[in-house]
Amino acid sequence: MTAQAELRSPFRVSKRLAFTGLLLPAVGVITIFMIAPVAIVFVYSFLEPARYGGVVWNFSVEGYLQILFERDFVDGSLQFSADYLVILWRSVFQAAICTVLCLMISVPTAYFIATRSERTKPIWIFLITVPYWVNLLIRTIALLFILRDDGPLNKAIMMTGLTTSPLPLSYNNFAIGLGLVYSFLPFMVLPLYSAFERFDFRLLEAAYDLYASRRVAFFKIVLPVMRPGLIAGSLLVFIPSIGSYLAPDILGGGKTLMIGNLIGTQFQGAHNWPFGAALSMILLTVTLIVLIWMARRSARKNTGY
Amino acid sequence: MANARMKDIRAFSGFGSIAVAGVLFLYLPILFLCVYSFNDGRSVSQWSGFSFRWYITVFGNSGIKAAAMNSLTIATIAASVSTVLALGAAMATVNRRFKGETLAYATLTFPLMVPEIVTAVASLVFFVSLGVRLGFSTILIAHIVFCIPFAYLPIRARLEGMDATLNAAAADLYASPIRAFWRITLPLLAPGLMSGWLLAFIISLDDFIITALVAGPGSTTLPLHIYGMLRLGITPEVNAISTMMLVGSIVLLAIAGVLGRSSKNS
């Protein structure tokens, strides 16, 4: 068994060397500088804030309570406050809308690319891949550039004579939503494309032979078969959208608008580390639950066939 | 035309136009930003003739130059270190069954799963509680960590496609494991290594939020500098430096793409 395993591996290195010399450095670096810090954030989320950033080592769940309640200045009693809940809700809501919009654009786009000839396919893929890697800050600035009151888009609209004053396209929820779609659209197109590439088009042929209309064939055959891909793509968009920082920060006009900004503020200006840590833990937990659920689901799907 | 479309049973009407619209949506803002970086006037909204004026301003700006140097240095070191670490990890994990395999894989890809803002906050809290002074070194460490999975995945993919018998043949011909690694594995792996390095380099160069939190006062990178410039509003200078970064990323990406394709063909 081991001999066989050894043969399949392209390297003749002993097991011990493989682990201590090759695997350990990378795993160690991530453990020390990534996993340990996240663990520290977890611990800090249960401590009291120090006045100018940092923590006081007293156990407290105030950080978590603060999300739902406000402490009364006079008698110190807890009162329900929706301020932060609104921000959390807005994050989920914006991310959900962004996911739906990305699906509506990506499904036809990815399907279209997957059915191109072998010659034109790589060009389309390259066109989608470039924005995926290009600096998100700069892409967000570019979007702000065209959405501004005196930007090209507003100028074009005003030139048509529909309005005389510029439409409020920037520094609001609409701009944030559009920014999220703009940021994460490639995250959806690429996995959907690779899912459509594996689609067995004979199924479609069979559907037409059985007198299915195009509409029925698409919604009853193509989409159901593509479901795992659709779910994967949706999560790849939904997760980074929820915690997004740049789109709300730049396109939302600097107000604390989504959870990512709320977390950032706690460590930059507001100096409430435990509260920021508690919010980080909630965001991380939601993300990991979704990712694990997705991994298990796709594993089940694969064995279910 | 309509007839030709009917013949392809895979086609659905309207999909092509949505695809074109999607690509236009992705590119038009970038295109406008680039075009206006060549605008002669001070205003960013009024076109007043073509000029390289803002590029000259950018090149004369010592703050931008220092930030760019910092960014390039950090990206080069972070990409190189993470590629070496990722290469080791890939060699240890590819086609090898071992206890804790899933755990090792989960750890190596962990930086991809954690939301960026959480990574940023965690790194800040970690360095501050250890009493490490924030600056160049903390940026560098943070970058190395989140670059590892970006280097690991392409290298691993390349290794998985490699012919194990070549190494066995080298061993049969009395090559030592080290010699076999240098003469057989490394040359075959070169495209994977290069594309892994380039992706890590781009990712490092692009990062904003993690860098912003662990940079501390005094040290800066290009994205941080651009973000600072943005506080004064979008100026033609922002357009010019953004265009330069865009072109840089696209060139690197094209190289990585060509390397990736050549590694697939062979």
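Cut-offs and rules
- Residues numbered from 1 in each chain as written.
- Chains lettered and ligands numbered in written order.
- Predicted model: local features only at pLDDT ≥ 70, side-chain atom pairs only at ≥ 80, totals over all residues.
- Helix = DSSP H or I, 4+ residues; strand = E, 2+ residues; numbered from the N terminus.
- Rg over C-alpha atoms; globule rule 2.2 N^0.38 Å.
- Buried ≥ 20, exposed ≤ 12 C-beta atoms within 10 Å, placed from the backbone.
- Contact = placed C-beta atoms within 7 Å.
- Core = buried A, V, L, I, M, F, W, Y, C linked by C-beta atoms within 7 Å.
- Domains from an automatic or database assignment.
- Nonpolar A, V, L, I, M, F, W, Y, C, P; charged D, E, K, R; others polar.
- Axes fitted to C-alpha atoms, helices over the stretch in contact; angles between N-to-C directions.
- Parallel < 35°, antiparallel > 145°, perpendicular 65-115°, else oblique.
- Left-handed = near helix turned anticlockwise from the far one by under 90°.
- pLDDT = per-residue confidence, 0-100.

Caption draft 1: Layout of the overall build of chain B. Of the regular secondary structure elements, chain B holds 12 helices and zero strands. Expected size for 266 residues packed as a compact globule is a radius of gyration near 18 Å; at 23 Å, chain B overshoots this value by more than 25%. Along the first, second and third principal axes, the C-alpha atoms of chain B reach 70 × 70 × 30 Å. By residue count, 47% of the 266 residues in chain B fall in the buried class. Looking at chain B alone, contacts between residues at least 24 apart form 79% of all its contacts between residues at least 6 apart.

Caption draft 2: Fine view of the overall build of chain A. Per the secondary structure count, chain A includes 14 helices and four strands. Taken over C-alpha atoms, the radius of gyration comes to 25 Å for chain A, far larger than the 19 Å a tight globule of 305 residues would show. Viewed in the frame of its principal axes, chain A has a C-alpha envelope of about 75 × 75 × 35 Å. Put simply, 65% of the contacts in chain A that link residues at least 6 apart link residues at least 24 apart.

Caption draft 3: Spotlight on the nonpolar core. Residues B:Ala89 and B:Val121 are the most contacted members of the largest nonpolar core, which totals 155 residues. No fewer than three residues from each of domain 1 (2-36) and domain 2 (61-265) of chain B sit in this core. Apart from the residues within four sequence positions on either side, B:Val121 is in contact with A:Val41, A:Ile263, A:Phe267, A:Gly276, A:Ser280 and B:Leu213.

Caption draft 4: Region of interest: the environment of B:Leu213. Within the secondary structure layout, B:Leu213 lies in helix 10 (residues 209-214). What makes B:Leu213 buried here is the crowd of 25 C-beta atoms within 10 Å. As a C-alpha pair, B:Leu213 and B:Ile139 span 74 residues in sequence and 8.9 Å in three-dimensional space. Other than its neighbours up to four places away in sequence, B:Leu213 contacts A:Phe267, B:Ala120, B:Val121, B:Ser123 and B:Leu124.

Caption draft 5: Representation of the interface of chain B and chain A in the model. Listed by partner, the interface residues are 75 residues for chain B and 76 residues for chain A. For the side of chain B that touches chain A, the element with the highest residue contribution is helix 2 (residues 15-36) of chain B, accounting for 11 residues. Its residues placed into classes, the side of chain B that touches chain A shows 55 nonpolar, 15 polar and five charged.

Caption draft 6: Region of the structure containing the domain arrangement of chain B. Taken domain by domain, chain B comprises domain 1 (2-36) and domain 2 (61-265). At the interface, four residues of domain 1 of chain B touch four residues of domain 2 of chain B.

Caption draft 7: Geometry of the packing of helix 8 (residues 173-197) of chain A against helix 11 (residues 227-242) of chain A. Residue and element names in this part refer to chain A. For the pair helix 8 and helix 11, interaxial distance at closest approach is 8 Å and the crossing angle is 160°. Relative to helix 11, the element helix 8 is oriented roughly antiparallel. Both helix 8 and helix 11 take part in a crossing whose hand is right-handed. Facing helix 8, whose interface residues are Leu180, Phe184, Phe187, Met188, Pro191, Leu192 and Ala195, helix 11 presents Gly229, Ala232, Gly233, Leu236, Val237, Pro240 and Ser241.

Caption draft 8: Seen up close, the packing of helix 9 (residues 202-209) of chain A against helix 10 (residues 214-225) of chain A. Residue and element names in this part refer to chain A. At a minimum axis separation of 10 Å, helix 9 and helix 10 run at an interaxial angle of 155°. Classified by the angle between their axes, helix 9 and helix 10 sit roughly antiparallel to one another. Helix 9 and helix 10 meet at a crossing whose hand is right-handed. Counted together, Leu203, Leu204, Ala207 and Tyr208 of helix 9 and Ala217, Ile221, Val222 and Val225 of helix 10 form the full contact between these two elements. Its residues assigned to classes, the contact of helix 9 with helix 10 shows eight nonpolar, no polar and no charged.

Caption draft 9: Fine view of unusual backbone geometry. At A:Tyr211, a residue that is not glycine, the phi angle is positive and equals roughly 65°. Tracing the backbone through its elements, the reader meets A:Tyr211 in the loop between helix 9 and helix 10. Phi is positive for B:Tyr174, which is not a glycine, with a value near 65°. The topology assignment puts B:Tyr174 in the loop between helix 8 (164-172) and helix 9 (177-206).

Caption draft 10: Focus on the confidence of the model for chain B. All names here are of chain B. In the predicted model, chain B carries a mean pLDDT of 85, and 94% of its residues have values of at least 70. Below a pLDDT of 50 lies the segment residues 1-6, which in the model reaches one contact outside its immediate sequence neighbourhood of four places, other chains included. Across the assembled chains, the prediction reports ipTM 0.85 with pTM 0.86.

Caption draft 11: Broad picture of the confidence of the model for chain A. Averaged over every residue, the pLDDT of chain A is 84; the share at 70 or more is 91%. Across residues 1-7 of chain A, where pLDDT falls below 50, the model places three contacts with residues more than four positions away in sequence or in other chains.

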